[in-house]
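Residue-level structure breakdown
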Amino acid sequence: MAIDASAEYGKWQFWIDRGGTFTDIVAVDPQGRLQACKVLSENPGAYEDAALEGIRRFLGVTSDAPLPSERIAHVKMGTTVATNALLERKGEPTVLVTTAGLEDHLEIGYQARPDIFARRIIKPEMLYQRVIGVQERVRADGTVEKELETDQLRRALEMASADGLRAVAIVFMHAYLFPEHEQRAAEIARDIGFDQVSVSHEVSPLIKFVSRGDTTVADAYLSPVLRGYVERVSNSLTPAEKIPRADDVPRLMFMASSGGLKAAQLFRGRDAILSGPAGGVVGMAETGKRAGFGQVIGFDMGGTSTDVAHFAGDFERAFETEVAGVRIRAPMLQIHTVAAGGGSMLCYDGQRYRVGPESAGADPGPKCYRRGGPLTVTDANVMLGKLAPEFFPEIFGPGQDQPLDADSVRTAFAELANEIGDGRSSEEVADGFVRIAVENMANAVKKISVERGYDVTEYALNCFGAAGGQHACLIADSLGIETVLIHPLSGLLSAYGMGLAKLRASRERSLELPLENASMQRLEQVAWRLGEEVTEELLDEGADYERIEVRSFAHLRYAGTDTAFPVEVSEPGFMRGDFEAEHRRRFGFLSPEKAIVIAAIEVEALASGVGDELDTAGHAAESGASVTAQRPKDGDREAKDRFFSQGEWHAAVTVRRQEIGPGAIVEGPARIVEPHQTVIVEPGWRLEVSTCDDLVLRRVQPRQNQRFGTQADPVLLEVFNNMFMAVAEQMGESLKLTARSVN
């Protein structure tokens, strides 16, 4: 039996995902056993920080006691701190320094309508508070048309500093190729004493002024907030009053949006936008591969939102993403998020049922949490009998000692059914809301699969997140998927993914070269230089040189178009073939008359390094090793029960997860109660426990087609409204990606 490295250290390891509603913590104790717990992300009066509170609970110390850092080996985290600061516009006040004449360029942007059907467009608030236009200009060929006016810049920055602005973003025209002016401007800003100086040729050295500028501003705006949180966690792990030995200092790492771990001191604003969801994608891919599924759709339903991702052997990354109205030009895992989670609020507007996008969050949370919250998707599942209060931990109410409040949920749904007044029962109303939520999430899956040329019916749905198991079969039915995979730690898979992730460093550079033999020398020179940079970064983070793997990708596009596809660097003929295969799969056609351009090069380095022990721990858990966690109350192994689904009551069986092992089979309808979630096996589905202790659900009876009447149905009105909108958005996306510039 392999020995977990944490047993050699005799120390704990913690993998943490801080979500909008719950913070999940997976721990490896000094004996190599996996343990897990959930705490509310916001619990005013009980504790200050959820992640640190979870660590304290495992180590058996009180909320106000110092952490015994000598007992901790590693802490690996995904955090929503930067994302929340961006969404709520609570970052560091920032000044933008740019080429004179381009002061409004980022605000003008691409003049794209964020909502093509909205009659009144509300433009997102810009992240910077002040703009300084500097006299300087470098042409595209590197010719200096106007030297940098350093005296003017110094005076303007001194005024900004005196007014309390502490972060500066510097974005000059063509600086991605010719950065000398940006470098000099950054020296002036640092001399003046700005706490955060972000320059575009370092943050995003790629062509496209608007997205490069937005990325640089976001980095300046978010990095100070993120640094404050990182320092708070780091200081809690290594208290100032205690001078630890070098071996006693825990290693703190954060998950980057690209799906790799970064040392705390290298973690910056541009890396943190999808920090939490990225752990789920890594966990989804790795657990899917170990279960024998090479093609999986990841479905992560939490309390606030649902994240979906596609995996077919390699992680897919986007290099330009828009988040909260801000364009980010940095490698991020391809994740699509929809505002439909367990905390999504339910309402009736007089004609249609509405689910979200507003969320009850962690405070006050759903109505059943006993904090006076609104009706949510979680409450709908309580109403339907899919969630039973007796299987939930008694952590609700002012004293955190009461069960879920099912009575208030029944009362609220009865009042809502009476308000709707079409004769539907409370259960039928709740079932209608669940159906709308399911369709919203299914449409999100289509955006990262069908819209991009993948046939989802050939995939397995890897379902995770605290609310995922309640809807897994319904989502699969909506998409035509026949197989669902649920890992033993699916309720905390994003946190588990932090432990499976590797150290990763990457660099990107714009090239804009024709794909031909004459360009290969330049391509290989840049790839070699960037390869040395990413290797050096991983060595600085403690990676073993022998375990570092470096890969280079050329981003190719047709001349005159804007959509580039990454292909591995090789001979020009092979690269052309790979590009054309991907273009045909994505769009269904080729344009052989067009030249192919090497738009950019990307070089990444991966290293298992300090994470070897995590793979061992993961295999141990999946091979039947004990996974300790808080368990439901004792009772009979099976209890006859029922729940309401798809318009009718179903006699069901309730099974406690810890009492079924590999080889067990449960026919639907059934309710599987796990320590951190409930899995609903819908009618027509069968659950099997694999040799790795995964739950594998398969449809064993054909789906029945639904017949629609001629009467207006408030549920179907919302379902079809969302479906038609999804079709329109898919058409618009295809048109955008295949458009050709006439300039």
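Bear in mind that the values here come from a model prediction, so they are computed numbers and not experimental data.

Thresholds, definitions, all that
Residues numbered from 1 in each chain as written. Predicted model: local features only at pLDDT ≥ 70, side-chain atom pairs only at ≥ 80, totals over all residues. Heavy atoms only, no water. Helix = DSSP H or I, 4+ residues; strand = E, 2+ residues; numbered from the N terminus. Contact = heavy atoms within 4.5 Å. Areas by Shrake-Rupley, 256 points an atom, 1.4 Å probe, with all protein chains shown as cover. Core = buried A, V, L, I, M, F, W, Y, C linked by side-chain atoms within 4.5 Å. Buried < 20%, exposed > 50% of the residue type's maximum accessible area, 1.4 Å probe, protein only. Phe/Tyr/Trp six-rings, centres within 6.5 Å; stacked < 30°, edge-to-face > 60°. Lys NZ or Arg CZ within 6 Å of the ring centre and 35° of its normal. Pairing = 2+ DSSP bridges. Axes fitted to C-alpha atoms, helices over the stretch in contact; angles between N-to-C directions. pLDDT = per-residue confidence, 0-100. Salt bridge = Lys/Arg side-chain N within 4 Å of Asp/Glu carboxyl O. Expected span 1.5 Å × (residues − 1). Arc of directions from axis to C-beta.

Within the chain, the regular secondary structure consists of 18 helices and 35 strands. Sequence separation of at least 24 residues holds for 68% of the intrachain contacts in the chain that already meet a minimum separation of 6. For the chain, the exposed surface amounts to about 31300 Å²; the carbon and sulfur share of it is 48%.

The next thing to look at is the nonpolar core. The biggest cluster of nonpolar side chains holds 114 residues, and the ones touching the most others in it are F14, V75, M77, L252 and L556. Here the element with the most residues in this core is helix α8 (residues 209-237); it accounts for 11 residues. Once residues lying within four places of it in the same chain are set aside, the contact partners of L556 are L515, T563, A564, F565, V567, M575, F579, I596, V597 and I598.

With that settled, consider the packing of aromatic side chains. Summed over the entire model, instances satisfying the criterion amount to 14 aromatic pairs. Arranged with centres 6.0 Å apart and planes meeting at 50°, the rings of F565 and F587 form a pair that is tilted. Taken as a pair, F565 in strand β26 (residues 565-568) and F587 in helix α16 (residues 572-587) lie far apart in primary sequence, 22 residues in all. The residues F565 and F587 share a single accessibility class, namely buried. Seen from the ring of F194, R166 lies directly overhead, with NZ or CZ sitting 5.7 Å from the centre. Above the plane of the ring of W649 lies R642, whose end atom (NZ or CZ) is 3.9 Å from the centre.

Note on sheets: strands pair through backbone hydrogen bonds, and any given pair is parallel or antiparallel. The mixed open sheet is built from 8 strands, whose spatial order is β19-β14-β13-β22-β23-β35-β34-β31. The strands lining the two open edges of the sheet, one partner per strand, are β19 (335-338) and β31 (665-667). The average undirected angle you get between the axes of adjacent strands in this sheet is 20°. Examined bridge by bridge, strand β22 (residues 460-464) and strand β23 (residues 483-486) share 3 bridges and lie parallel to one another. Among the inter-strand pairings, N462 is bridged to a residue of β23, identified as L485. Against the sheet, helix α9 (residues 275-290) makes contact with β13 (296-301), β14 (306-311), β19, β22 and β23, and its axis sits at roughly 45° relative to β14, the strand it touches most.

On to the confidence of the model for the chain. Residues of the chain with pLDDT of at least 70 account for 88%, and the chain-wide mean is 84. Counting contacts from residues 1-8, a segment whose pLDDT is below 50, to residues more than four positions away or on other chains yields 19 contacts.

Looking now at the pairing of β14. Within β14, 6 of the 6 residues are buried, leaving the element largely enclosed by the surrounding structure. The alternating pattern of β14 places T306, V308 and H310 on one face and D307, A309 and F311 on the opposite face, and all of these are buried. When β13 meets β14, the two strands line up antiparallel, connected through 6 bridges. Bridge assignment links I297 to a residue of β14, and that residue is H310. Linkage of β13 to β14, two consecutive antiparallel strands, is achieved through a turn of 4 residues. Of the pairings in the sheet, the one linking β14 to β19 comprises 4 bridges and is antiparallel in character.

Let us now look at unusual backbone geometry. Residue P669 follows G668 across a cis peptide bond; omega there is 5°. Looking at the secondary structure, you find P669 in the loop between β31 and β32 (670-673). Look at K208: it is not a glycine, yet its phi comes out positive at around 95°. Within the secondary structure, K208 sits in the loop between α7 (200-203) and α8. The residue Q646 is not glycine, and still its phi comes out positive at about 55°. Here Q646 is to be found in the loop between β29 (638-645) and β30 (648-656).

Time to look at the pattern of salt bridges. Scanning the entire structure with this criterion turns up 35 salt bridges. One salt bridge connects K38 with D24, and the closest N-O pair in it is separated by 2.8 Å. Taken as a pair, K38 in strand β3 (residues 34-40) and D24 in strand β2 (residues 22-28) lie far apart in primary sequence, 14 residues in all. K38 gets classed as buried once you look at its relative accessible area, which sits at 19%. For D24, a relative accessible area of 8% gives the class buried. Among the salt bridges present, the one from R576 reaches E580, with a minimum N-O distance of 4.0 Å. Of this pair, R576 and E580 both sit in helix α16, 4 residues apart, which is roughly one turn of that helix.

Quick look at the sheet that holds strand β10 (residues 196-199) now. Strand order in the open sheet formed by 4 strands is β6-β5-β9-β10, and the pairing between neighbours is parallel. Bordering the open sheet on either side are β6 (128-134) and β10, each of which pairs with just one other strand. When strand polarity is set aside, the average angle formed by the axes of neighbouring strands in this sheet is 20°. Sheet analysis places strand β9 (residues 167-171) next to β10, joined by 4 bridges and oriented parallel. Residue pairing across strands places A167 opposite Q196, the latter belonging to β10. Sheet strands in contact with helix α5 (residues 150-162) are β5 (94-99), β6 and β9, and its direction is about 165° off that of β6. Sitting on the sheet, α8 is in contact with β5, β6, β9 and β10, with an inclination near 160° to β9.

As a further point, take α5. Because the α-helix completes a turn every 3.6 residues, residues three or four places apart line up on one side. Over its 13 residues, α5 runs 18 Å from end to end, which matches the ideal 18 Å to within 8%, given 1.5 Å per residue. By the burial criterion, the buried members of α5 are L153, A156, L157, A160 and S161. Down the axis of α5, the buried side of the element spans an arc of 140°, and every buried residue falls inside it. The exposed set on the far side of α5, more than 90 degrees from its buried face, consists of D151, R155, M159 and A162. Lining the buried residues of α5 we find β5, β6, β9 and α6 (180-192). The positive-phi residue at the C-terminal boundary of α5 is G164, with phi of around 100°.

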